[in-house]
Amino acid sequence: MLIGRIRLEYLPHRWLGSQVALLVLCLYSSAAQAVPSFARQTGMACSACHTIFPELTPFGREFKLNGYVIDNLKQVKGITMDRRETLSLNSVPPLSVMLQVSYTHTATALPDSVVSGALAKDGEVLFPQQVSLFYAGKIADHLGAFMQLTYSGASDHFGFDNTDIRYARYVTVEGGDQGETSQGASWQSKHSLLVGLTVNNNPTVQDPWNTTAAWGFPYSSSSVAPVPGASTKLDSGAGAIGQNAAGIGAYLWLDHAWYAELSVYSAAKTGGVHPLDSTQRAVLKGIAPYWRLGYESRWDRHSLFVGTYGIQARVQPGNGLALRGPVDRFTDIAADAQYQFIGDQHLVTVLTTYIHENQRLNSSFENGLASNDSGSLRTLKATVEYSYQRTIGGAAGYFSTNGSSDALLYANTGGVGGSANGSPTSRGYIVEANYLPWLNVKLQLQYVGYSKFNGAGTDYAGIGRNASDNNTVYVLGWINF
Amino acid sequence: MKSLARIGTVLTVWVFLDGFARAAEPPTELARSAQQLAATTCSICHGTGGRNTSPAFPNLAAQTAPYLQAQLQAFRDQTRADPDALAYMWGMASQLSNETIAAIAAYYSTQAPAPGKSGDAKLITAGKQIFQQGVAAQAIAACGSCHGPLAQGAGIFPRLAGQHSAYLVKQMLVIQNALRVAPVMHGVIKDLSLAQMLEVANYLETLGP
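Residues numbered from 1 in each chain as written. Chains lettered and ligands numbered in written order. Predicted model: local features only at pLDDT ≥ 70, side-chain atom pairs only at ≥ 80, totals over all residues. Heavy atoms only, no water.

## Some points on the overall build of chain A
Looking only at helices and strands, one finds 7 helices and 19 strands in chain A. Taking 2.2 N^0.38 as the reference for a compact globule, 481 residues should give roughly 23 Å; the C-alpha atoms of chain A span a radius of gyration of 23 Å, in line with that estimate. Each of the three principal axes of chain A carries a C-alpha extent, and together these read 70 × 50 × 40 Å. Out of the 481 residues in chain A, the part that is buried amounts to 56%. For chain A, the proportion of contacts with a sequence separation of at least 24, taken over those separated by at least 6, is 65%. Counting 33 positive and 35 negative side-chain charges, chain A places the centres of these two groups 3 Å from one another. (Helix = DSSP H or I, 4+ residues; strand = E, 2+ residues; numbered from the N terminus. Rg over C-alpha atoms; globule rule 2.2 N^0.38 Å. Buried < 20%, exposed > 50% of the residue type's maximum accessible area, 1.4 Å probe, protein only. Contact = heavy atoms within 4.5 Å. Lys, Arg positive; Asp, Glu negative; His and termini not counted. Charge placed at Lys NZ, Arg CZ, Asp CG, Glu CD.)

Have a look at this one:
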């Protein structure tokens, strides 16, 4: 999402004491898209690829890994004299629109951004919270794209959002050449192997499972409620890499079960000064390798995935500091699991992910932005979702981030986004109810409750505000067409 | 006029037989293309060779070619309109030519069938009774009289042996509810209860190659 560009900045300390920084912290919402242009291209209902959008079914994951190219539209074709295909284009452009309208209410109103002692309006309607235009579908044989342009109501900006361009093709398919497999058949005739390339702007946006940040639960959340100040690089939140990177990766999908991917990311920021200089913040230095391994088993109406993923990112703080000298190095290693049951009446999904981040804060420590030259963060998320006939459902999730304290890194800003004790710990729960009158329309009621926020449950920021004061009621109308 | 009618009949039979022959023996290139399509696309849901583990999607292996052709044409022409047909197959079949449909049908009809599964003995016994002898009290004909004594299928009557029981029950329900047009079946199963459907479906799922 557009505001992801803001929320995903690396913010170890720069939000200290700044009301602007508070606004930045508030400009948070989860990425969440499902696009009808895929349905138009394939001729298949949303339910083929999604349980409840944007969560994917096994077929949806196959569609994504295949490069978004399965099509059932008439094609505009071009060939050479030797019958080499030079064009295979959908006769209808794969365009879609998404609209989100929301209402947010926090337990206690937030402080006014200018007038000391005053409170901001309690209860915020965003019309729209977000409007997105998608090109999502086939570009050519084996080549497809998911591209999103988004207008954000809170930031009043229109800009480039999540993008994933893929090339994928089968090297071999089980039974593809030999028909029936047999003991004497070759390896190729007994296995399916899909090889793909992805070019994208957000680590995990290419991932087909819903345990990772870009497409993880909650699929949409308030863009104006306060969110915790600390997050791992691969999580969604204020400290994550998000759309501040561009990457290219290669992946293998073996026997519709084994997944392996290696990608590399470099800094790619939109807006601000270019070439990137000291006025930018949290700039990736060099190449950040990202990796992903996993195994999915499918049986009856069930599927179970277990996997691991990670990234090593070197970051220059910038924001007044020259982009040279020592760097902060973050190593995230994660484990995740996803279970789905997709019945005709009942659908159940269980999602969990654990991320451990090791921090070497050489640059921040040297420049007086961190109290320690090293630290760590740990993120745990677990969610259970249920839907009846893809119409009425809900979810309950637990989230937690904790780690080593640092009085400068997680400083007392004197505002809602600060931490009085320098601890990154936040934890809480999300409960959600959904009603989908149509497969492409979702009405959502969400409640986010915090037991700890930026280090404590009570008076966490030294301004008399408790973690539960940030509890949020979020009502969302979400349509895709 | 008589000889004209005779010529017409001969031509009709010739065209039909020619079409059937083409369906049974599609050109090699087309057969290979259909095989690739089946292996890369159809297999995502229906499994390799048309054998899969999800009752949401039918096994296609060893299904009769005429039945598969008829169903694919019905999906393409949007005359089969049960919920899963709309959600999945209307799109997937929309651009298939008659020749490709015939080639896909030929491919799956020659694949080794899915193995039978074990199940609830009580249901299986009751289901076998219905399948083989029908239910006289309800004027329900024996299923095997059309689908074959081993449920192996015959021409337009589909193979049922080894099919997922949940899929079979769902099809009987959509036929009863007229969401799927199946002229013979509408009459045969109109009075079949859900319990009887479960019995016969559980029996059929046990039948192997």
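## Some words on the interface of chain B and chain A
Taken together, the contact between chain B and chain A spans 26 residues of the former and 27 residues of the latter. Surface buried jointly by chain B and chain A totals about 2,100 Å² across both partners, of which 50% is contributed by carbon and sulfur atoms. Taken together, the links from chain B to chain A amount to 1 salt bridge. In this structure, Lys170(B) engages Asp344(A) in a salt bridge whose closest nitrogen and oxygen atoms are separated by 2.8 Å. On inspection of chain B and its partner chain A, the count reaches 8 residue pairs in polar contact (both at pLDDT 80 or more). Only α2 (28–46), α4 (83–93) and α8 (165–176) of chain B provide two or more residues apiece to the side of chain B that touches chain A. Here the side of chain B that touches chain A gets 7 residues from one element, more than from any other, and that element is α2(B). The residue inventory of the side of chain B that touches chain A, partitioned by class, reads 13 nonpolar, 10 polar and 3 charged. (Buried area = accessible area lost by both parts, 1.4 Å probe. Salt bridge = Lys/Arg side-chain N within 4 Å of Asp/Glu carboxyl O. Polar contact = N/O pair within 3.5 Å; in protein donor to acceptor, adjacent residues only side chain to side chain. Nonpolar A, V, L, I, M, F, W, Y, C, P; charged D, E, K, R; others polar.)

## Thoughts on the domain arrangement of chain B
All names here are of chain B. Each assigned domain of chain B is listed here: domain 1 (24–109) and domain 2 (121–206). The C-alpha centroid of domain 2 is placed 22 Å from the C-alpha centroid of domain 1. Tallying the contact residues gives 21 residues for domain 1 and 19 residues for domain 2. Of the roughly 1,500 Å² buried between domain 1 and domain 2 on both sides combined, carbon and sulfur atoms contribute 52%. Summed over the shared surface of domain 1 and domain 2, the number is 1 salt bridge. (Domains from an automatic or database assignment.)

## Examining the environment of Ala288(A)
All names here are of chain A. Structurally, the position occupied by Ala288 is in strand β11 (residues 288–299). Separated by 231 residues in the primary sequence, Ala288 and Thr57 have C-alpha atoms spaced 30 Å apart. Ignoring anything within four residues of it in the chain, the contact list for Ala288 reads Ser263, Val264, Tyr265, Ile311, Gln312 and Ala313.

## Some points on α8(B)
Residues and elements named next belong to chain B. With 12 residues, α8 should reach 16 Å at 1.5 Å per residue; the first-to-last C-alpha distance of 17 Å fits that figure. The buried fraction of α8 amounts to 9 of the 12 residues, a majority that puts the element mostly inside the structure. Along α8, the residues that are buried comprise Ser165, Tyr167, Leu168, Val169, Lys170, Gln171, Met172, Val174 and Ile175. At the exit of α8 stands Ala178, carrying a positive phi of roughly 60 degrees. (Expected span 1.5 Å × (residues − 1).)

## Remarks on the pairing of strand β7 (residues 193–200) of chain A
A regular strand places its side chains so that they alternate between the two faces of the sheet. All names here are of chain A. Two elements, strand β6 (residues 157–172) and β7, share 8 bridges in a ladder whose sense is antiparallel. For Tyr167, the partnering residue across the bridge sits in β7 and is Leu197. Pairing between β7 and strand β8 (residues 245–254): 8 bridges, direction antiparallel. Bridge pairing in β8 places Leu193 opposite Leu254. (Pairing = 2+ DSSP bridges.)

## Things to note about helix α5 (residues 58–65) of chain A
All names here are of chain A. Across the 8 residues that make up α5, a large majority, 8, are buried. Listed in full, the buried residues belonging to α5 are Pro58, Phe59, Gly60, Arg61, Glu62, Phe63, Lys64 and Leu65. Looking at the residues trailing α5, positive phi occurs at Gly67, about 95 degrees.

## Concerning the confidence of the model for chain B
Residues and elements named next belong to chain B. Per-residue confidence for chain B gives a mean pLDDT of 89, with 87% of residues at or over 70. Ignoring residues within four places in sequence, the model shows residues 7–23, a span with pLDDT below 50, making 4 contacts including any to other chains. Here the predicted complex carries an ipTM of 0.83, next to a pTM of 0.89. (pLDDT = per-residue confidence, 0-100.)

## Things to note about a positive patch on the surface
The grouping of Lys285(A), Arg314(A), Arg329(A) and Arg360(A) at the surface amounts to a positive patch. Accessibility expressed as a relative area gives 37% for Arg329(A), which makes it partly exposed. (Patch = residues over 30% accessible without salt bridge, like charges linked within 9 Å, V, L, I, M, F, W, Y side chains within 5 Å. Areas by Shrake-Rupley, 256 points an atom, 1.4 Å probe, with all protein chains shown as cover.)

## A short note on the nonpolar core
With 61 residues, the main nonpolar core has Phe38(A), Phe59(A), Phe146(A), Leu72(B), Phe75(B), Tyr88(B) and Tyr108(B) as its most contacted residues. If sequence neighbours within four positions are ignored, Phe75(B) has contacts with Arg80(B), Ala85(B), Met89(B), Trp90(B) and Ala93(B). One finds Cys143(B), Leu160(B), Val169(B) and Ala182(B) within the second-largest nonpolar core, a separate group that totals 22 residues. (Core = buried A, V, L, I, M, F, W, Y, C linked by side-chain atoms within 4.5 Å.)

## A short note on the side chain of Ser132(A)
Residues and elements named next belong to chain A. Structurally, Ser132 can be placed in strand β4 (residues 124–140). In this structure the side chain of Ser132 is engaged in a polar contact, spanning 2.9 Å, whose partner is the side chain of Gln148. Reaching out from Ser132, the side chain makes a polar contact with the side chain of Thr150 at a distance of 2.6 Å. Contacts of Ser132, omitting those with residues within four sequence positions, involve Ser96, Val97, Met98, Gln148, Leu149 and Thr150.

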